[in-house]
Amino acid sequence: MGLLAEGTPLDWPEAKKVAGHVREWGIEQLLAIWRKAKGKERDALLWGDEIEYLVVTFDDEEHNVKLSLRQADILRALASDEKLLKQGGGVPELARGNVKPGKTAPTFHPEFGRFMLEATPGAPWGIGFKDLLDVERDMKWRRQIANDHMYSSEFPITMTTFPLLGDRKSITPWYPPSGDKLRSQFVPDEIANPHIRFPTLAANIRARRGRKVELNVPVFHDEKTARPWKDPTVNYDLHQWPEDDDVRNGAAKDDCIYMDAMAFGMGSCCLQITFQAMNIEEGRKMYDQLSPLGPILLALTAATPIYKGFLADTDVRWNQISAAVDDRTPEELGEKPLKNDRWRMPKSRYASNSTYISQDPRLRPEYLDPDLIVDEDIKARLVDGGMDDALATHFAHLFIRDPIVVFDEDLKDLDLDKTDHFENLQSTNWQHIRFKPPPPANDIGWRVEVRPMEIQITDFENAAFSVFMVLMTRAILSFDLNFYLPIPRTTENMETAHRRDAVLNDKFYFRKDPLPKRQAKLNGASNPPSGANTPQQQPSRPPSPFGPVEDEYELMTVDEIVNGKGDGGFPGLIPLVESYLDSMNVDVETRCELAQYLALIKGRANGTLWTAAKWIRHYVRGHEGYKMDSVVSEGVTYDLVKAVERMTVHEGRDGFAREMLGECRERG
Ligand code: GLU
Ligand code: MG
């Protein structure tokens, strides 16, 4: 969630005045890093994963569950655990000891919600296949450590969103809503991490936008849900802030669950994977090739069917976070003619990618987003500074945004050995794939962060998706796979991924033929490792495609994309991964263990295994306390979160939730 700098943050009107200044310095810092690091070579493809948790507290006597706002206490307890620190874990600032993947204790980090925690492995994972087998154990270790530093009534769960967030009751300790920063009808300012960055971020997004953020999630119409359905919770009569008029001015839409604060989005949890590339070129290629996979990953990991105590008609968190940090003004949104603002912006700061950045000859100009907004002055400065057009365009696109949190102290001198101004813009551009330059003064290389996946309930599933992504990335690089798709199709796919059960019922645009052409191979650009048993090559074709771009892709189900079309068409992501494993002489035992993870992905895609979204819906609708009216009550939520805890602990070994987790697993 970005670095937690200290200082005196500027309120919005003041921050706006210095926005150009911050951007200018950010670009100079970027040029400095780029000049220093553009030739940087790392020999190992390191990677890391991030797990975000909700901390809940159960009251078994009262039969209720609440969010616990004890993030700071828990992090403090972790930071003072001597044994953990000696094992290299705890909190990153204090951790010490030898760094070894899987052996060094994990580290914990704050997140936006005061009820959230984030945990990462103590050391990056390496290139070896054995490391892949340690991931799940490490994830379990993380959850165990987190749990050991909580009250006995508390538990770190990995649901994307807490089903009752915003019901004005289910937080402990309790605070009244409607604080100065968020001005939410539903949640207090205390819902956010108290570090000054977070409330300032929320307040300045609201102020820049000129009204509160607006999340309207379509409600799931069940048998007894009214039509039109009006969110019964919006009528609280508050009169403290001008924003209390938002609802009266039409902010809450019919048939939608209405939410009004950053916490409703950034209070959601995801699973992220970051890859370190060998060099900038490889990083740029990974960024491009992983981008079309984003919506597929989102649909496969769908886990968010409930908001604010109501069943939603969507399955994933993405658009809700997007709306929760949408700082666009009415002019930028196209609601008013452009007068004071510089341009209309089709997307929020949290959105799917709009650029490709590789220098790959297969990148046709037709794939690029025709609506891309770029700050031409910034682009000119970058090009002037020696950066090529594609990369300069990417950053000049990110820099169309204003910095939201600006610390007064940072505006005095420009330090080119730091990246604070660059990171200010970079880390508040939450796109589904992020291209990350090396941090100054250390050994880390160019990185690509994969951000769309929803967190999964069990560590088995989180490990499975992490392992799948690692193997997929290696297959992409090893076979020089080509998933290029016009950017607007990925934007549409991202919308499609929101639909209920999109993983089974919807189709996504996807490239028909991902295999490199014979000619490209002869050029030496794509030789798989020696001995590689490559997927069957297509007959010879021209080196670069000249036909209409529309002929290169078609609509496919997630099953076809993941498991293959079976008619000689799209080979399938899993078969590609299998071919990669075949080419690598993986020992039988490791291969068997990896197969368990890949089986989960296959099952999710072909519908034999349910997504968490489907499982949760099914559970709620089958609960005796549910009245078929879309309302998820406190009692139902308590049982649901208990069921989630049970799954986390037993992972289906007790026969529970097999629909989602698959056959009983004996290891782990
Ligand atoms: N929790 C956010 C999400 O679900 C991501 C926050 C972060 O970038 O760490 O996408
Ligand atoms: Mg995070």
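Worth saying up front: this structure is predicted, and the values here are computed from it rather than measured.

**Student:** Which residues make up the site of ligand 1, and what values go with them?
**Tutor:** Close to ligand 1 lie 12 residues, the nearest being Glu 52, Glu 111, Ser 268, Arg 317 and Tyr 350. Within the side chain of Arg 451, a nitrogen or oxygen atom sits 3.0 Å from an oxygen atom of ligand 1. In isolation ligand 1 exposes 300 Å². Once the protein is present, 98% of that is buried.

**Student:** Pulling in residues and values, what's your account of the packing of helix H5 (residues 129-148) against helix H15 (residues 459-479)?
**Tutor:** Direction vectors running N to C along H5 and H15 enclose 150 degrees, while the axes themselves pass 9 Å from each other. Between H5 and H15, the crossing angle belongs to the class labelled roughly antiparallel. Helix-helix and strand crossings are classified by hand; for H5 and H15 the assignment is right-handed. Only Asp 459, Phe 460, Asn 462, Ala 463, Ser 466, Val 467, Val 470 and Leu 471 of H15 make contact with H5, whose side of the interface consists of Phe 129, Leu 132, Val 135, Glu 136, Met 139, Lys 140 and Arg 143.

**Student:** Could you give me a rundown of the coordination of the magnesium ion (ligand 2), with the residues and numbers involved?
**Tutor:** For the magnesium ion (ligand 2), the full set of protein donor atoms is Glu 52 (OE), Glu 111 (OE) and Glu 118 (OE), and the range of their distances to it is 2.0 to 2.1 Å. Mapping the donors of the magnesium ion (ligand 2) onto the primary sequence yields the spacing E-x58-E-x6-E. Taken together, the residues Glu 52 in strand S1 (residues 47-59) and Glu 111 in the loop between strand S3 (107-109) and strand S4 (116-120) connect sequence positions 59 residues apart. Given a relative accessible area of 5%, Glu 52 falls into the buried group.

**Student:** Could you give me a rundown of the pattern of salt bridges, with the residues and numbers involved?
**Tutor:** Under the definition given, this model contains 61 salt bridges. Residue Lys 140 is joined to Glu 651 by a salt bridge in which the shortest nitrogen-to-oxygen separation is 3.0 Å. Taken together, the residues Lys 140 in helix H5 and Glu 651 in the loop between helix H23 (634-650) and helix H24 (658-661) connect sequence positions 511 residues apart. With a relative accessible area of 21%, Lys 140 lands in the partly exposed category. When the shortest N-O distance is used, the salt bridge between Arg 591 and Glu 578 registers 2.9 Å.

**Student:** Before we move on, can you summarise helix H3 (residues 71-79) with the specific residues and values?
**Tutor:** Along H3, the residues classified as buried are Gln 71, Ile 74, Leu 75, Leu 78 and Ala 79. Projected down its long axis, H3 carries its buried residues within an arc of 140 degrees, all on one side. Elements that come into contact with the buried residues of H3 comprise S1, helix H4 (82-86), S3, S4, H5 and strand S5 (154-157).

**Student:** How would you sum up empty space enclosed by the protein? Please name residues and give values.
**Tutor:** Tallied over the entire structure, the rule returns six cavities of 30 Å³ or more. Estimates place the volume of the largest cavity at around 70 Å³. Forming the walls of the largest cavity are Lys 181, Leu 182, Ala 202, Ile 205, Arg 206, Lys 212, Val 213, Asp 260, Ala 261, Met 262 and Ala 324. Considering every element that reaches the lining of the largest cavity, the biggest residue donor is helix H6 (residues 197-209), with three residues. Of the residues belonging to the lining of the largest cavity, the class tally is seven nonpolar, no polar and four charged.

**Student:** Can you lay out the nonpolar core for me, pointing to particular residues and giving the numbers?
**Tutor:** With 194 residues, the main nonpolar core has Phe 275, Leu 290, Phe 468, Leu 471, Phe 483 and Trp 615 as its most contacted residues. Of the residues forming this core, the biggest block, 14 residues, is contributed by H15. If near-sequence neighbours (up to four positions away) are discounted, Phe 468 is found in contact with Leu 297, Leu 573, Ile 574, Val 577, Leu 598 and Ile 601. One finds Leu 363, Tyr 484, Leu 485 and Tyr 553 within the second-largest nonpolar core, a separate group that totals eight residues.

**Student:** How would you summarise the state of the cysteines if you had to cite specific residues and measurements?
**Tutor:** As enumerated under the stated definition, the model contains zero disulfides in all. Cys 270 carries a free sulfur, and the closest cysteine sulfur to it, the one in Cys 269, is 7.6 Å from it. A relative accessible area of 6% places Cys 270 in the buried class.

What counts and how
- Residues numbered from 1 in each chain as written.
- Chains lettered and ligands numbered in written order.
- Predicted model: local features only at pLDDT ≥ 70, side-chain atom pairs only at ≥ 80, totals over all residues.
- Heavy atoms only, no water.
- Near = heavy atom within 4 Å.
- Polar contact = N/O pair within 3.5 Å; in protein donor to acceptor, adjacent residues only side chain to side chain.
- Areas by Shrake-Rupley, 256 points an atom, 1.4 Å probe, with all protein chains shown as cover.
- Axes fitted to C-alpha atoms, helices over the stretch in contact; angles between N-to-C directions.
- Helix = DSSP H or I, 4+ residues; strand = E, 2+ residues; numbered from the N terminus.
- Parallel < 35°, antiparallel > 145°, perpendicular 65-115°, else oblique.
- Left-handed = near helix turned anticlockwise from the far one by under 90°.
- Contact = heavy atoms within 4.5 Å.
- Donors = N, O, S within 2.8 Å, 3.2 Å for Na, K, Ca; no water.
- Buried < 20%, exposed > 50% of the residue type's maximum accessible area, 1.4 Å probe, protein only.
- Salt bridge = Lys/Arg side-chain N within 4 Å of Asp/Glu carboxyl O.
- Arc of directions from axis to C-beta.
- 1 Å grid on protein atoms, 1.4 Å probe; cavity = no way out; pocket = protein on both sides within 12 Å on 5 of 7 lines; lining within 4 Å.
- Points joined across faces, edges and corners; volume = space filled by probe spheres on them.
- Nonpolar A, V, L, I, M, F, W, Y, C, P; charged D, E, K, R; others polar.
- Core = buried A, V, L, I, M, F, W, Y, C linked by side-chain atoms within 4.5 Å.
- Disulfide = S-S within 2.5 Å.

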